[in-house]
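Spelled out from the first residue to the last, the chains are:
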Amino acid sequence: MTDWQGKNVTVAGLGVSGVPAAKVLSGLGAKVTVVDDGDDERARTQAAELEALGVAVRLGDGDTLPDGTELIVTAPGWRPDKPLFLAAGRAGVPVWGDVELAWRLRGRDGREAAPWLAVTGTNGKTTTVRMLASVLEAAGLRTAAVGNIGVSLLDAVLGEEQYDVLAVELSSYQLHWAPSVRAHSAAVLNLAPDHLDWHGSMEAYAADKGRVYEGNRVACVYNAADKATEDLVREADVVEGCRAVGFTLGTPAPSQLGVVDGILVDRAFVENRHRNAQELAEISDIGASAALQPFGEGAPGARSVAPHNVANALAAAALARAYGVPAKAVRDGLRAFTPDAHRIAHVADVDGVAYVDDSKATNTHAAQASLASYESIVWIAGGLAKGATFDELVAKAAKRLRGVVLIGADRALIRDALARHAPEVPVVDLDRTDTGAMLQAVQEARRLARPGDTVLLAPACASMDMFANYIKRGEAFARAVSELGA
């Protein structure tokens, strides 16, 4: 669709993606109607803002397809089985997400469209995209971390800033609603059960993740330790000549990036990769300019880099190298990278016990990586399970657990898994879902912990039963720890 003048477009959902999409489409001359299930004060405020621009807004009914709709642009989180989309399917009305809209609008003003280096996966997306953007910047390229992070894609493709290349984080929701996006190169970091209540099955979830490889031109980057990601590469329809490039924490084979004696090594983007390798950086370079949180073996306060962050750095390096970035920029960019808050963030040491905030571990795969980084743990867990099961997570972590404190709506699922796989581990089950539960959880964790232990908030669940988001949950943990210190 290139001529938007007079087109009847329905935008599904207000909020961080819907409001900008409605404004952009209205500015292009489309007749825009926004529908939303909500009718609270926030929704009415947003509606008034849009109505002043000539956009029609229908609150309290996000299920009915407006008459005459020719296209739906949806917020990424709206489920595919929503009546609005079922009606659109019957009527032959296409449904795009805001990512698809941004892809279609790039280059509209006549300037050359910046290529996308895309990253998806169950965990590590945000960290990898930030690492990638840092490496691209170190190479002197105009870039931004965009998509499910940082700058919105609509702003990136339509704003005044001109970019050479974009580092794009894409969630499974966004990919589901983005049928024509074609990246320069893309990476799937890992695959583990997540959002199965939304996708309906693991197969559907994986298929949506795999969309990121469709039409890749240079490289499809996969995790050599996760066969499911390589399988997605095999199934993808790519441009002829596009290569499969793996990353591994071990010694890399040809067409892989890996680690040799603490050094990140490239055997994919070098001449005669069967014989040669290019040193890129040392593991200690990852986030070296920041005060990296302590984790790994050793006493609280010892600096190391968790294996999953090494993997993230290798994936970022692979995408950057696919774009032609020199080895020195990889090293400089990884050194300049600053980790996100609430991602294995060391909060404080109290009475010889380290308190670590990994509130962003919102699923079992992320929590498993976090738990594997410490030797003796008092684990704070629980929240909304999103259809997940916890047997494998608990079985793998059982030997590391000093004790467990459970909070949140679905904590019984974790409690039952602990009873099956770690029956000797003390468990405190807090039957409350108010935000004040975090203070009690931290106090109970302190009672269970011994000097040298780590009290780890790695909930393995979403936060919305108790908190607005994982950030608020992490902030509540940090406040509770500060009260211990006081």
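Residues numbered from 1 in each chain as written. Predicted model: local features only at pLDDT ≥ 70, side-chain atom pairs only at ≥ 80, totals over all residues. Heavy atoms only, no water.

Looking at an unreviewed UniProt entry, one finds the protein chain named UDP-N-acetylmuramoylalanine--D-glutamate ligase, with Streptomyces thermoalcalitolerans as its source organism. Quoted verbatim from the Pathway (unreviewed entry) field of UniProt, the annotation for the protein chain is "Cell wall biogenesis; peptidoglycan biosynthesis." Under the UniProt heading Function (unreviewed entry), the entry covering the protein chain gives this text: "Cell wall formation. Catalyzes the addition of glutamate to the nucleotide precursor UDP-N-acetylmuramoyl-L-alanine (UMA)." (UniProt positions renumbered as here; feature names shortened; annotations may be inferred.)

J.: Can you walk me through the nonpolar core in this structure?
T.: Generally speaking, a soluble globular protein has its nonpolar side chains buried in company with each other. Of all hydrophobic cores here, the largest spans 55 residues; its most connected members are Leu25, Val34, Leu101, Trp116, Leu166 and Tyr213. Sequence-distant contacts of Tyr213, that is, excluding residues within four places in its chain, are made with Ala186, Ala187, Val188, Cys220, Val221, Tyr222, Thr229, Leu232, Val233, Ala236, Asp237 and Val238. Within the second largest apolar cluster, 44 residues are counted, among which are Val129, Leu314, Ala320 and Phe337. (Core = buried A, V, L, I, M, F, W, Y, C linked by side-chain atoms within 4.5 Å. Buried < 20%, exposed > 50% of the residue type's maximum accessible area, 1.4 Å probe, protein only. Contact = heavy atoms within 4.5 Å.)

J.: Just to check I follow, could you spell out the environment of Pro426 for this structure?
T.: Looking at the secondary structure, you find Pro426 in the loop between helix H15 (411–421) and strand E19 (427–429). Relative accessible area serves as the criterion here: at 39%, Pro426 is assigned to the partly exposed category. Separated by 296 residues in sequence, Pro426 and Arg130 have C-alpha atoms that sit 38 Å apart. Discounting residues that sit within four places of it in the chain, Pro426 has contacts with Arg402, Gly403, Val404 and Leu448. (Helix = DSSP H or I, 4+ residues; strand = E, 2+ residues; numbered from the N terminus.)

J.: Honestly, the packing of aromatic side chains in this entry has me stumped. Any pointers?
T.: Going through the model one piece at a time under the given rule, you end up with four aromatic pairs. The cationic tip of Arg106 hangs over the ring face of Trp103; the distance from NZ or CZ to the ring centre is 3.4 Å. Note that Arg243 overlies the ring of Phe269, its terminal NZ or CZ placed 5.3 Å from the centroid. (Phe/Tyr/Trp six-rings, centres within 6.5 Å; stacked < 30°, edge-to-face > 60°. Lys NZ or Arg CZ within 6 Å of the ring centre and 35° of its normal.)

J.: Whenever I open this one, the confidence of the model for the protein chain confuses me. Can you help?
T.: Parts of the prediction with low pLDDT should not have their coordinates interpreted in detail. A residue-level look at the protein chain finds 94% of positions with pLDDT of 70 or above and a mean pLDDT of 90. Every residue in residues 291–303 scores below 50 in pLDDT, and together they form 37 contacts with partners more than four places removed in sequence or on other chains. (pLDDT = per-residue confidence, 0-100.)

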